[in-house]
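Coordinate inspection notes
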There are 2 protein chains.
Amino acid sequence: MTVPETKESKCDVLIVGAGPAGLMLAAWMARCGVNARIVDKRSTKIFSGQADGLQLRSLEIFDSFGFSDRAWKEANHMIEICMWNPDENGKLRRSDRVPDVQPGLSRFTQIVLHQGRIERFFLDHIKKHSKDTLRVERAVLPETLDIAEDLVGDHSPGTYPITVKLRHLTDEEATPAQSNGSSTRDGLFRSNLTEDDTDDLIQKSREKEGSTEIVKAKYMVGCDGAHSWTRRQLGFQLEGEPTDFIWGVLDVIPITDFPDIRMRCAVHSASSGSLMVIPRENKLVRLYIQLNEIKPDASGRADRSQITPNTIIKAAQKIIAPYSLTYEYCDWWTAYQIGQRVGTNFDYNSRVFLAGDAVHTHSPKAGQGMNVSMQDAFNLGWKLGLVVKGIAQPSILKTYQSERRRVAQDLIEFDHKFSRLFSGRPAKDIMDTEGVSMADFKDAFVKGNLFASGLSVDYGASMLVAKEGNTAEQGDGTDVSGSSKTHVSSKQELATNVKLGMRFPSFKVLNQSDARPWHFQEQLKSDGRFRIILFAGNVLSPQQKSRLDAFCAALSTSSLVAPHLYKNIDILTCHSAPRADTELLRDFPEVLHPFDKTTGWDYDSVYVDDVSYHEGFGDAYKNYGVDKETGCVVITRPDQYIGYVGPLDGEDGWAGVQGYFRGVLVN
Amino acid sequence: MTVPETKESKCDVLIVGAGPAGLMLAAWMARCGVNARIVDKRSTKIFSGQADGLQLRSLEIFDSFGFSDRAWKEANHMIEICMWNPDENGKLRRSDRVPDVQPGLSRFTQIVLHQGRIERFFLDHIKKHSKDTLRVERAVLPETLDIAEDLVGDHSPGTYPITVKLRHLTDEEATPAQSNGSSTRDGLFRSNLTEDDTDDLIQKSREKEGSTEIVKAKYMVGCDGAHSWTRRQLGFQLEGEPTDFIWGVLDVIPITDFPDIRMRCAVHSASSGSLMVIPRENKLVRLYIQLNEIKPDASGRADRSQITPNTIIKAAQKIIAPYSLTYEYCDWWTAYQIGQRVGTNFDYNSRVFLAGDAVHTHSPKAGQGMNVSMQDAFNLGWKLGLVVKGIAQPSILKTYQSERRRVAQDLIEFDHKFSRLFSGRPAKDIMDTEGVSMADFKDAFVKGNLFASGLSVDYGASMLVAKEGNTAEQGDGTDVSGSSKTHVSSKQELATNVKLGMRFPSFKVLNQSDARPWHFQEQLKSDGRFRIILFAGNVLSPQQKSRLDAFCAALSTSSLVAPHLYKNIDILTCHSAPRADTELLRDFPEVLHPFDKTTGWDYDSVYVDDVSYHEGFGDAYKNYGVDKETGCVVITRPDQYIGYVGPLDGEDGWAGVQGYFRGVLVN
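Cut-offs applied
Residues numbered from 1 in each chain as written. Chains lettered and ligands numbered in written order. Predicted model: local features only at pLDDT ≥ 70, side-chain atom pairs only at ≥ 80, totals over all residues. Heavy atoms only, no water. Domains from an automatic or database assignment. Contact = heavy atoms within 4.5 Å. Buried area = accessible area lost by both parts, 1.4 Å probe. Salt bridge = Lys/Arg side-chain N within 4 Å of Asp/Glu carboxyl O. Buried < 20%, exposed > 50% of the residue type's maximum accessible area, 1.4 Å probe, protein only. Helix = DSSP H or I, 4+ residues; strand = E, 2+ residues; numbered from the N terminus. Pairing = 2+ DSSP bridges.

Much of the literature gives interface size as the accessible area that the parts lose upon coming together. All names here are of chain A. For chain A, the assigned domains read domain 1 (7-76 + 108-240 + 339-410) and domain 2 (488-662). Spacing between the C-alpha centres of domain 1 and domain 2 amounts to 35 Å. Counting from both sides, the interface comprises 16 residues of domain 1 and, opposite them, 17 residues of domain 2. Of the roughly 1,400 Å² buried at the junction of domain 1 and domain 2 (both faces included), carbon and sulfur atoms supply 47%. Remark: the boundary between domain 1 and domain 2 carries 2 salt bridges.

Listed below in structure tokens is the structure:
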């Protein structure tokens, strides 16, 4: 084999790892038009197994990219949770039924679809929006990382502080071995019961002098999993402990007389451990089973050779008895030991970032792994995009660790509590204090579901979230207060249910021009734009109309904001006057529905809180907690999180909006 | 050029024309696994213009094939109709707003999307379900048709009574010329203002001795448009008259201060004619404009050279004044003279069939053309499929003409009334009897919308619809009574809103096994199967349970029906007992949820009328008009139309079901 000359090239953002986190980041790069590369050491994408649960917030995010419908159509929908545990005679019975998602929380419910399909949706999206210029480079992995410390603070366009040597593997090298020579696919090569193979891969490839290249990058993101090579290069740690619980996972088409096999079930047996049932697409059911008979050895790690699909189903059969449970078809299986750990750092000098499993590992039972990982990257991607494009100030990059490390800490705390309750033996009676009370379990499960939905995330104060309080305390300790000169105060009381730091909630409104009902959140696309959401109030009142006109006049003439309008800052209006009595051209200033000489007026920016013919009444003002007469102004970040709430009043209202953007945009 | 030897081949069904009707038929062929071919004389599919409105019934049909979501997502949704006409001073004003679709009629509303996208959905579907074996053969057209009269009555598998010579054109020959050398696409080559070019195409190709082939077919369907070559070979006529009304059609992005440009509008000017506004996808708006200044000449045909986009927009400007209306971008335009005609025959000896524009032409204003054409083919396709596969008796083919010619006659009658009201000058006052009363127009419009939705279609009595009355009178005059020995009586009163001859209406029910809400109609897929829909009633009542058991015992042991179960006859159950109190395996006989040794029990066949967590209560029994205690049995045809309603009672109920299938299936 000839040794190719090592080539050298530049890119703005280098992404390592093409799992859900890496692909989410790449999706943002495509949407923001950033020159990025994404590499993955594996030669093929995933076709079965791995993560499966899609939480409400993930579906909202998919919707903002335009592909929630694909997931919704293909997935299994989980509607109800059934809890099974022993009655006073030790006989297994259903003790409770609860809805999987609390009614009214979101327009979505929790669904289940295997990771390979979700990665497909991302790949299609990235292809479309990058015009096929951004593709996952498979069987490619980084071998060395150098950071020019003297350059990290210099965010001028021509500066590339990061140098990475990439190694290209052969297909054979990049294909993980399956255990036991079985034809059933397993996920052990990704499990924490197996040693990571990255160093081996590099070592083996080196021996035969494979092809390498040098990439200079402005920013780098390690989405390279629990064994993260990137994290190791930075010298960052995961803090926490592995637990003693060993779990097996089996994707099968079950043959059973258990009546709730198509429900999400938590089954606590009297003394044989616990089982979680997750019904999936294509008749599959995922069984999560605690393997009580397999214990970690002195090294703290269990012997994985003891674990086979047969070990797992046998354990499940004991738990679910007297019901029968067998299978003919197994799609995938794996096993792991629960570890609950959080990265010490998510960010190296605002230049190299870590996301997903690289900075948090925990049990998969609440269906959080893929969701939180994608949401890490969803938080980081637009910030990187706007900084690379020279639109936003580099200081916003610090909010990534502040916001997401705090979420990871909360997640681990939740998982710790939940795992203990799930894995514990059910209490025999009220005196059995070593056992777990099933009433406590139910309570924790129901409360935990709100956390698990992803909708309770509440980012702390920062230059991106104009709320009161200490930025370090509200985040992970990082200082993200920005310059004191640009401090802006919100007036949360003007929109009591549009909560600063939380995602913009969704209620139905109608398009003013064609009366079509939309969930308002559907208009907040992930296109890299901030949004000024104008709750314009009763525009038919002359007094309110003059406040609106004054605000719009300030908006259209602002030397700071006006140049960004439509391009980096979108405007959406929702008014509360009767739809049939208002007219777009007559009642709304032009800045709210701009004119283009080829395509005419914009008919898609002004909405109304009014009753629809076919889909009821969203009652949006009431549900958003906004006064129908006087309205208010909201700013959402490109990820739909709320940055500012203030009054619509002419100069006063305008000062808040201007102040917010002064702290964020490059002036 | 060498002259290739004429090759000869066989197929079961030859489809001529790959517009919406031809593609719908091909979709059925793919779903039924029939060896079919589909040819079209044009070399490319449509990319803009042509038909656009998708009615409720068409969307339900798309849903049964699994692609309504694609249309729903891409289309513009029409929600409201605004009526504009002169006030007492002759000034144009909005007189009324009405919903485009009456609330409660369907889970869909009317949408607008151009024909090219709809054809794309069909092509993708055909490709998937035929495993890419059925493709549209473009630039191919029939040149001769021979029917072996002595063979037409012989439906044995080896008999091919039809011989067609197909001619393959070059790309150049098959590309229609555009008028005026304009770069804007127009549809004049398909308009009735232009002579048909089929004979020219054949003649020109003959001169250079192009390639031909001989195809022997069992059945043939002409979906070849208003100038249908197939119809001419059979010597069948279109009956009716062209009218004097000349209309122009313009797809533009309008620049206008007219406030309702994104609504569906009917605009009657005082004396400049009428305009219909149809808002479309991608900011386009379609304008239908009556061209009063262009009159047919003595030959009855207007001079098309007088008609340009400029003629059309000028006419529109006069009608819509004092509002301004211009455009920079025109996507497509055409012009036509309204003709209202119905074919004398839809069927030649149950061997050659005509569908779509080949057998009915009318004005496009009610958005009916593409919809009724697709619905013709939707009616015919499964019948042909089941006869070719030897499952159904060939006599059912006669119901195609009986059912669809009657619909075409009703359509022409509707269009005649509606066109007159639309094209007429508005009455100045109550004494102006020559003018059209705008109150009458509104009334007709609203009533007409129910007809236009496609949901009011009510097929007459036949061997496929077990209802009382004269089959000839209820259809187009064709005798489709079948053998008197197999006459079956329904009991409509057992399901008062599941109307014999109409489509199965849709209300929400829950899957018994996973509590997921579905519109019940979503379970009636277009897979070529009849369905026994068992309204099982209150299965927790011992009396009702024993009736259900007796019926299921008869079903699973019937020598006529049992061999067809699941393969050609699907069973869906909907019961009315509380979901949480019932269990699939305990309360329902096995025939309702069959067991498979690899995939276990079927969890997708039993549904319940109960409240959902997130999507309300469908109240299905009440809405279907079925008694909650005693239920009933319904049979739907593969096209979702209702063929039979009867009691669930053991022998009695069973006799009706058995009798229905005896008259339809090959025994």
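Read on, since the account is not over.
Here we take up the pairing of strand β15 (residues 274-279) of chain A. Residues and elements named next belong to chain A. When you tally the buried positions in β15, you get 6 out of 6 residues, the bulk of the element. Residues Ser 274, Met 276 and Ile 278 point to one face of β15 and Leu 275, Val 277 and Pro 279 to the other, with burial holding for every one of them. Across 4 bridges, the pairing between strand β14 (residues 264-268) and β15 is antiparallel. When the bridges of β15 are listed, Val 267 appears paired with Leu 275. Connecting the antiparallel pair β14 and β15 is a turn made up of 5 residues, with Gly 273 showing a positive phi of about 95 degrees. Here β15 runs beside strand β16 (residues 285-290); their pairing, made up of 5 bridges, is antiparallel. Paired with Met 276 across the two strands is Tyr 288, which belongs to β16. Hairpin connection from β15 to β16: 5 residues lie between these consecutive antiparallel strands, with Asn 282 at a positive phi of about 55 degrees.

Residues and elements named next belong to chain B. With respect to the element layout, Leu 23 can be found in helix α1 (residues 20-32). Classification of Leu 23 by relative accessible area gives buried; the value is 0%. Sequence separation between Leu 23 and Lys 499 is 476 residues, and the spatial gap between their C-alpha atoms is 29 Å.

Bringing the environment of B:Ile635 into the picture now. Residues and elements named next belong to chain B. Mapped onto the elements of the fold, Ile 635 is located in strand β28 (residues 632-636). Ile 635 sits in the buried class, given a relative accessible area of 0%. For the pair Ile 635 and Asn 449, spaced 186 residues apart in sequence, the C-alpha separation works out to 28 Å.

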